[in-house]
Every structure is written in C-alpha cells, then in structure tokens.
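Next come the chains, spelled out residue by residue.
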Amino acid sequence: VNLNKYVGYVNYNYNNKENRYECGVVIESKYRGCGYSKPALILLCKQAFSSGIDSLYDSFEKNRVHALKLFQNVGFEIVEEKKWKNFNQIVSGVVVKIERNKFIKSNLTK
C-alpha cells in the first residue's frame, strides 16, 4: 500500500554498551492497526541483514502484547526477561532477538 504519507519509522543502530544491534518500529497512532508494522519490520530486517549484521534485538515492556506478537510473527524470540526503570517506576520487560539465518529461512525475505 502506497499512501505517500508519513505513517512512522523503523530504525536499527549499534548499542555499544550491550555490544549488539537494536531495532525498533514506531507507527503514528492514527495508523496503528492498519497493517504497516509487519512489512516495515520485515524491510528493516532485510536491510540490516543485507548489510552484514548477524542479529537484531529489541526490548520493551511485557504488557505491550501487540509489539511482542509483531516481533514473534517476524521470527524474533524472547531471549531474556528483565526489569528496568522507566519514568521512576520499575517495569518488567522482554528482550527479543532474531538471527540472520533464521530470518532468511523464514521465507519473509521474498
């Protein structure tokens, strides 16, 4: 679908502290639930893995069930559960990861 409108963005960058590449997807609220997140995340993975990156990570709060479902649908797996501070509150979260080989085998590269 080509809207010729800004609906959100995806990104990946190297986290020196964690020694890994991390990614994310942000969709404007009025476009959420319209089916843009999955194709955007797939394109992000294709770009990252074609650039030689071996794996991608993301982390978010456990209660973001739609985010978890999205990442799992693309092939990410939970590799860690942890807690961190967010706006002076401790939250429970997950770290998800996908490796290049798993992504390529998932047939989402087409």
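Everything numeric in this text was worked out from a predicted model, so none of it was measured.

Trainee: Run through the pairing of strand 4 (residues 77-86), naming residues and quoting values.
Mentor: Pairing geometry for strand 4 and strand 5 (residues 89-99), over 9 bridges, is antiparallel. Of the residues in strand 5, the one forming a bridge with E81 is V94. Connecting strand 4 to the next strand, strand 5, in antiparallel fashion are 2 residues, including F87 with a positive phi near 55°.

Trainee: I'd like to hear about the side chain of S55, residue by residue, with values.
Mentor: Looking at the element boundaries, S55 is found in strand 3 (residues 55-61). Taking relative accessible area as the criterion, S55 reaches 17% and is therefore assigned buried. With near-sequence residues (within four places) excluded, S55 lies in contact with Y21, F49, K97, I98 and E99.

Trainee: Kindly report on helix 2 (residues 65-74), identifying the contributing residues and their values.
Mentor: The set of residues buried in helix 2 consists of A67, L68, L70, F71 and V74. Buried residues of helix 2, viewed axially, fall in a sector of 160°; they line one side. Looking at helix 2, the residues exposed on the side facing more than 90 degrees away from the buried face are V65, H66 and K69. Immediately beyond the C-terminal end of helix 2, within one or two residues, lies G75, with a positive phi of roughly 115°.

Trainee: I'd love a proper account of the nonpolar core, names of residues and values included.
Mentor: If you look at the biggest cluster of nonpolar residues, it comprises 25 residues, and the most contacted ones within it are L41, C45, L56, F71, V74 and F76. The residues contacting C45, other than those within four sequence positions of it, are L56, V74, F76, I98 and F103.

Trainee: Explain a nonpolar patch on the surface residue by residue, including any values.
Mentor: Residues Y6, Y9 and V26 make up a contiguous nonpolar surface patch of about 300 Å² in total accessible area. Counting through the fold element by element, V26 comes out in strand 2 (residues 20-27). Overall, V26 belongs to the partly exposed group, its relative accessible area being 35%.

Basis of the calculations
Residues numbered from 1 in each chain as written. Predicted model: local features only at pLDDT ≥ 70, side-chain atom pairs only at ≥ 80, totals over all residues. Heavy atoms only, no water. Pairing = 2+ DSSP bridges. Helix = DSSP H or I, 4+ residues; strand = E, 2+ residues; numbered from the N terminus. Buried < 20%, exposed > 50% of the residue type's maximum accessible area, 1.4 Å probe, protein only. Contact = heavy atoms within 4.5 Å. Arc of directions from axis to C-beta. Core = buried A, V, L, I, M, F, W, Y, C linked by side-chain atoms within 4.5 Å. Patch = residues over 30% accessible without salt bridge, like charges linked within 9 Å, V, L, I, M, F, W, Y side chains within 5 Å. Areas by Shrake-Rupley, 256 points an atom, 1.4 Å probe, with all protein chains shown as cover. Salt bridge = Lys/Arg side-chain N within 4 Å of Asp/Glu carboxyl O.

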